[in-house]
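Notes for the structure review
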Amino acid sequence: MNGPEKGGEGDTPERGVATKVRPKTKKPSLYRVILMNDDYTPMEFVVSILMGIFKKTQEEATKIMLNVHQKGVGTCGIYTFEIAETKVAQVMDAAKRAQHPLQCTLEKT
């Protein structure tokens, strides 16, 4: 006589492929870091900021600086919020230390 095995029917191991359900990850929002022109901050200082904080080459930094100078604003880069916020703070700190009125902000892309 075959009776139920110890533990009942629910203890029979199931066979099949184990799959993990991954929640859809949402891409983080991106933010543009922008420099604004003023009549007092030296162009050389802006270039040094772009090279130091944003890791631009001399050529890229000069191009962005001229864009800021001619159009009033220029994009330094596009980053996730935390990185953009950090870069803005670094620019503002460096400008304050050097006693320049350079302004930097971020905007959602």
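Here we summarise the structure given alongside this text. (Residues numbered from 1 in each chain as written. Predicted model: local features only at pLDDT ≥ 70, side-chain atom pairs only at ≥ 80, totals over all residues. Heavy atoms only, no water.)

Section: the pairing of strand 1 (residues 30-36)
Strand direction decides the pairing type here: strand 1 and strand 2 (residues 73-80), joined by seven bridges, are antiparallel. Of the residues in strand 2, the one forming a bridge with isoleucine 34 is threonine 75. Judged from the six bridges that link them, strand 1 and strand 3 (residues 103-108) form a sheet pairing that is antiparallel. Within the sheet, the bridge partner assigned to isoleucine 34 lies in strand 3 and is threonine 105. (Pairing = 2+ DSSP bridges. Helix = DSSP H or I, 4+ residues; strand = E, 2+ residues; numbered from the N terminus.)

Re the environment of isoleucine 49
Among the structural elements, isoleucine 49 can be located in helix 1 (residues 43-52). Sequence separation between isoleucine 49 and alanine 95 is 46 residues, and the spatial gap between their C-alpha atoms is 8.8 Å. Ignoring any residue separated from it by four or fewer positions in sequence, one finds isoleucine 49 in contact with Phe54, Val91 and Ala94. (Contact = heavy atoms within 4.5 Å.)

Remarks on the pattern of salt bridges
Inspection of the entire model under this criterion finds one salt bridge. Residue glutamate 107 pairs with arginine 32 through a salt bridge whose shortest N-O separation is 3.2 Å. Taken together, the residues span a long stretch of sequence, with glutamate 107 in strand 3 and arginine 32 in strand 1 at a distance of 75 residues. (Salt bridge = Lys/Arg side-chain N within 4 Å of Asp/Glu carboxyl O.)

Observations regarding helix 3 (residues 81-97)
With 17 residues, helix 3 should cover 24 Å at 1.5 Å per step; its first-to-last C-alpha distance of 24 Å lies within 8% of that length. Restricting attention to buried positions, one finds in helix 3 the residues Ala84, Lys87, Val88, Val91, Ala94 and Ala95. Projected down its long axis, helix 3 carries its buried residues within an arc of 130°, all on one side. Exposed side chains of helix 3 directed beyond 90 degrees from the buried face belong to Glu82, Lys96 and Arg97. Contact partners of the buried residues in helix 3: strand 1, helix 1, strand 2 and strand 3. Glutamine 99 occupies a position one or two residues after helix 3 and carries a positive phi of about 60°. (Expected span 1.5 Å × (residues − 1). Buried < 20%, exposed > 50% of the residue type's maximum accessible area, 1.4 Å probe, protein only. Arc of directions from axis to C-beta.)

Points about the packing of aromatic side chains
The tally for this structure, following the rule as stated, stands at two aromatic pairs. With a centroid separation of 5.1 Å and an interplanar angle of 65°, the aromatic rings of tyrosine 31 and phenylalanine 81 are classed as edge-to-face. In this pair, tyrosine 31 is assigned in strand 1 and phenylalanine 81 in helix 3, connecting sequence segments 50 residues apart. Tyrosine 31 gets classed as buried once you look at its relative accessible area, which sits at 15%. Where phenylalanine 54 meets tyrosine 79, the ring centres are 6.3 Å apart and the plane angle is 35°; that geometry is what we call tilted. Taken as a pair, phenylalanine 54 in the loop between helix 1 and helix 2 (58-71) and tyrosine 79 in strand 2 lie far apart in primary sequence, 25 residues in all. (Phe/Tyr/Trp six-rings, centres within 6.5 Å; stacked < 30°, edge-to-face > 60°.)

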